[in-house]
Structure formats: C-alpha cells, structure tokens
Amino acid sequence: PDEKLRTRAAQGAVWLADLALAERLSEAALRAGGGLEAELIRAHALSWLGRGDEAEAALARIDPSVLQSDGRARVGFLRSSNMLWSRGDPATAKAVIEEAAENVSAQHRAYIDTFRAVYWFAVDEPEAALCASSGLAVDDMPAVVGAELAWVLTTVYAEAGLTPEAVSTAEYGYLTATRSFDAPHMMFNIADSHVSALVLAGRVTEAVDVGARIRRQAADFTGTARPLGAAVAGRAAIAAGDLRSACALLQDSVTALCAKHSLGWGYRYLIPRIEALAMRGHLDEATADLALLEQMPRPFRQLDHEQSRARAWVAAAGGAVSEGINMLLSAARRASAKGQFAAEVLCLQTAIQFGCRRSAPRLQELATRVDGPRVQLVARLAEALRDMDAVALAQLSEEFELMGDLVASADAAAHATLGYRRAGMRGSALSCATRVSELAERTGACTPALLGVLEPLPLTVREREIATLIGQGMSSRRIAERLHLSVRTVESHTYRAMSKTGTTSRNELAALLPHQRA
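None of the values given here were measured: they were computed from a predicted structure.

Draft legend 1. Looking closely at the overall build of the protein. Per the secondary structure count, the protein includes 29 helices and zero strands. Relative to the compact-globule value of 24 Å for 518 residues, the protein shows a C-alpha radius of gyration of 25 Å, a close match. C-alpha extents for the protein along the principal axes are approximately 85 × 45 × 40 Å. Out of the 518 residues in the protein, the part that is buried amounts to 57%.

Draft legend 2. Region of interest: the pattern of salt bridges. Going through the model one piece at a time under the given rule, you end up with 30 salt bridges. With a closest N to O distance of 3.1 Å, Arg 74 and Glu 37 form a salt bridge. Of the two residues, Arg 74 sits in helix 5 (residues 69-86) while Glu 37 sits in helix 3 (residues 36-48), which places them 37 residues apart along the sequence. Among the ionic contacts, a cluster of salt bridges with common partners joins Glu 23, Arg 42, Arg 51 and Glu 54.

Draft legend 3. Spatial organisation of the nonpolar core. Within the largest apolar cluster, 146 residues are counted, with the highest numbers of intra-cluster contacts made by Phe 115, Phe 188, Ile 190, Tyr 269, Phe 354, Leu 363 and Phe 400. A total of 11 residues in this core trace back to one element, the largest contributor, which is helix 9 (residues 143-160). In this structure, Ala 320, Ala 467, Ile 470 and Ala 497 belong to the second largest nonpolar core, which totals 17 residues.

Draft legend 4. Layout of the packing of helix 15 (residues 262-279) against helix 17 (residues 304-317). Running from N to C, helix 15 and helix 17 point in directions that differ by 30°, and their axes come no closer than 8 Å. What the angle tells us is that helix 15 and helix 17 run roughly parallel. Considering only the axes of helix 15 and helix 17, their crossing is left-handed. Facing helix 15, whose interface residues are Tyr 267, Arg 268, Ile 271, Ile 274, Glu 275, Ala 278 and Met 279, helix 17 presents Glu 306, Gln 307, Arg 309, Ala 310, Trp 313, Val 314 and Ala 317.

Draft legend 5. The arrangement of the environment of Ala 440 in detail. Relative to the assigned elements, Ala 440 resides in helix 24 (residues 426-443). Separated by 69 residues in sequence, Ala 440 and Asp 371 have C-alpha atoms that sit 29 Å apart.

Draft legend 6. Expanded view of the packing of helix 6 (residues 90-101) against helix 7 (residues 110-122). For the pair helix 6 and helix 7, the least separation of the axes is 10 Å and the interaxial angle reads 160°. Taken together, helix 6 and helix 7 sit at an angle that is classed as roughly antiparallel. Note on packing geometry: the crossing formed by helix 6 with helix 7 is left-handed. Together, Pro 90, Ala 93, Lys 94, Ile 97, Glu 98, Ala 100 and Ala 101 of helix 6 and Tyr 111, Ile 112, Phe 115, Arg 116, Tyr 119 and Trp 120 of helix 7 make up the contact between the two elements. Of the residues belonging to the contact of helix 6 with helix 7, the class tally is 10 nonpolar, no polar and three charged.

Draft legend 7. Quick look at helix 21 (residues 373-387). In a regular helix each residue adds 1.5 Å, so 15 residues correspond to 21 Å; helix 21 covers 22 Å between its end C-alpha atoms and thus fits that length. Every buried residue of helix 21 is listed here: Arg 374, Val 375, Leu 377, Val 378, Ala 379, Leu 381, Ala 382, Ala 384 and Leu 385. On its buried face, helix 21 sits against helix 11 (186-201), helix 12 (204-218), helix 19 (341-353), helix 20 (360-366), helix 22 (390-403) and helix 23 (406-422). Once helix 21 finishes, Met 388 follows within two positions and takes phi at roughly 50°, a positive value.

Draft legend 8. Expanded view of the environment of Ala 38. Relative to the assigned elements, Ala 38 resides in helix 3. With a relative accessible area of 2%, Ala 38 lands in the buried category.

Draft legend 9. How the structure looks around unusual backbone geometry. One non-glycine residue, Asp 124, lies in the positive phi region at around 65°. For Asp 124, the position within the fold is in the loop between helix 7 and helix 8 (126-133). Under the relative-accessibility criterion, Asp 124 is labelled partly exposed at 25%. The phi dihedral of Met 388 is positive, around 50°, even though this residue is not glycine. Mapped onto the elements of the fold, Met 388 is located in the loop between helix 21 and helix 22.

Definitions and limits used
- Residues numbered from 1 in each chain as written.
- Predicted model: local features only at pLDDT ≥ 70, side-chain atom pairs only at ≥ 80, totals over all residues.
- Heavy atoms only, no water.
- Helix = DSSP H or I, 4+ residues; strand = E, 2+ residues; numbered from the N terminus.
- Rg over C-alpha atoms; globule rule 2.2 N^0.38 Å.
- Buried < 20%, exposed > 50% of the residue type's maximum accessible area, 1.4 Å probe, protein only.
- Salt bridge = Lys/Arg side-chain N within 4 Å of Asp/Glu carboxyl O.
- Core = buried A, V, L, I, M, F, W, Y, C linked by side-chain atoms within 4.5 Å.
- Axes fitted to C-alpha atoms, helices over the stretch in contact; angles between N-to-C directions.
- Parallel < 35°, antiparallel > 145°, perpendicular 65-115°, else oblique.
- Left-handed = near helix turned anticlockwise from the far one by under 90°.
- Contact = heavy atoms within 4.5 Å.
- Nonpolar A, V, L, I, M, F, W, Y, C, P; charged D, E, K, R; others polar.
- Expected span 1.5 Å × (residues − 1).

Written out as structure tokens, the structure is:
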C-alpha cells in the first residue's frame, strides 16, 4: 500500500483508540514517503501512549518555517500538550505555546488560546482557566482542541457547583470527540468529569448511568480504553455506595493504567481506589496504595480535594478519626479559596459523617451557591448532627438513600441510632440500628459511624480513637503526636476507657475493637 493508504489506516486506528497500531501504521507510512500528516499522527499516538520523549523528538523534527499558520498552531498545540501531560513539564509547555503564538495568525489562535486555558487548569488555577477560555466555543474549533477544552470546562464547572453548565459542556464535548479521529480517548476524560459534576451535585443515579454507558462504549475499543471505561464506572460506584463493585472495577483498571500511564490515568484512578478500600475498612491495602501514590510525584493536577478525602478515609480506617476530620476541613478551605464550592461541600459532608459538628453555618452559605440536592441535604445533616436530632437524622438517612448516596445514608442512620440511645428511646434505637446493619451489608462499608453502632462499646469518640491506635501497636507518645495531644491526655483517655470496659491492660482494651474487614 502507498503512504496515503497507510496514513488513512493510521488515522482509523487512532479513531478506534488502538494507539499501538496507529504508531506502527504511521511509522510505516513515513518509511513509504509519508509527510507531515503521518508524522503528526505518529507523534499523537506516541504521546497518548505515554512515550513523551519520542513524541517530542518527532514533533521537534518538523520545521515550522515550511508550515502555514494553521499548521504551526497545530504543531505548537501538540508539542505543548505532549510536554504538559506526557513529559510532565508545565513550564516548558507554556514556553512552547507562547513561542508558537508569535507565528500564528488571528484566525488560527484557537489552538493557542485553548492551550492557555488547559495550562492554567493543569496547574490548579481554575479561575485563570475560565478567564483564558472566555470567548472560546467548544463546537467552533478543531476536534482535538475542542474536546480538550470541553474536558477542562466540564471539570471546572463541576467543582464550582455549576452543574447545568458542566453537563451541557460535557455533551458538547462528546460530540466533538467523536467527529474527528484525533480525540477518542478524550471522551473518557470528559465522561470522568461528567461523573464528577453529577456526583458533586447529588445526582448519583445519573452518574452511575454515565459510568455504565462509558464502560459499554469502552468495550468497543482496544488498549487503554477498556480500563478507562471501568475506572470511570468505578468512581460512580463509590458515590453510590456500591463499594464491592467499585473495588472490583478499579483493581485491574488501576494496575493496567499505572503500568503505562503512571503519572496520568494511573495516578488519577489510584486515588478513588484508595478511598474505596478505606471505606470498606481494608486498611493494609489502602495504606499500601497510599504509599504508592506518594512515590508518584505529579507536576500537574494534584486533585487536592479528592486526595484529601482518600487520605482522610485511610486515617479514619486506622482509627485516627479526628485527624481525618482535620484533613477534610483543611481541604474544604483550600477548595473554597479556588472557587471549588461543590468540592468543598463533599469534603464537609465526609467530615460530618465522621462526626464533625462545626460546619452548619458554612453549609448554609454554600446552599445558595451550589447546584443540586446534595448541598441541601448536607446542610440539614450538619444542623441535625450539631443538635443531635435523632428524628431529623433518621429522616435524612432515608433522603440520602433516595438521592443514591448509600454510605451517607448509613452514616446518618448510625448517628440517629446513637441519638436515640442517648435519649433513652430504646425501640427507635433498635429499629434504626437494624437499618444501619442492612445498609452496611448492602454497601460493604466499614465507617467510623457504623462501627460505633455495630460494635457498641461504652467509649467516647476520642477514647475509641485512642484504643484503635493502641491496637495498631502505637505507644502513648506516638498517639499523642498523631492526634496532636499531650502524652498525659492520651494516658488519661486510655485509663478511662479501661475503667469503663473492665480491661486491665492496653492490649485487652484494643482487643475489644473490631479488626480490619476481609
């Protein structure tokens, strides 16, 4: 076959997300005398395969002086994108696009302006990304550019709590990603952000539907697409409280994605896998994955609020519930400072599920800024827990279930059970505890609130926290450092816990608490 047929075949392979085949065919086209288009396809495939150095070498060989304005813009965009995402060098990526901008006419600046928005998004400056994207229209630009801009804007809108804007941008993005051979993998990025928008808003059932749809579509592709589809579905499953399915979907997906895309998709989906494992009480596995994450320094998109929630769940699974709450409150403040108000809501919700009672006033403010049912329920949950209103907590458990967040539903029911017990309402407490058991079984969750009901001991939250850490072999000094307490305070709590339970040693006290779940 001549080079034109090989080049068209390489384009088709990219469209089918078979990047390894695209690289082989484009290289064959080049050997047969193929020109610029074959070189660009090869560089595109290499970059998405995670072979950024090879992609840069291919793009650097192209002489911009022989290109028209649109060609220079396209090459500049591809080089900058490869430098940013595949080579992990945001500063050089910015320099490359600014150099390209000097030789591009006004009618071809979509490539340049879009990459500027992508850059600010990548360095975690969402407001700057929105500013840079002002005036750009997803459906008026080349597909590979429009699809990446749709992903960026969907994510920024989602985290800000602008759900209608996020959903409509995602829908435009899907159409853009499928109208050209350039951007099939971007469809999975857009779907991931679409799921985020729906989850953060509290439209959980819709998020699960998006995850299921993208997983079905991934089955028609090869290579990286299949684990990507499963990973997106796994994130939606976590939000719905289907933790067993989430762990299963993310297990093989993350292993496959980390093998070739460790700082990209591997890093991105390792975070929800850590969260799902910790929510199930699988502390050893979650801790091992967290250690792996910490060995993967990523120079772009830190996913701060997602990372913080995962780390907080690991801390809580290990018994350091107050430490987890502090992590979440800090993450909520950072999200707020960046205008990520929907992300702030979810951080505060998790802290409330852990037992935090300090967020009601802030959530009332957020209820006027964030779209969707989640923020309204979380604001009411904060007030009910602050007042220890067992009736309201029990009602909220049912409403969280209707929303689709079964773990939040279980935790609200657990807090209601404790409230009924304190009020001496034994029948209501038993009824609510039965609901807790049923939800725990359905979700596979093992949260601090559930353990407080299902493994009842006459301990305060702090006493239980310290007893759990004793069970991990920590000394009083180490516990004091972990929880930011004095050694004397730790030993005082330990003594009171032993007195309440009739135990005569630290080991006996620790043995009363449940071990990790299988």
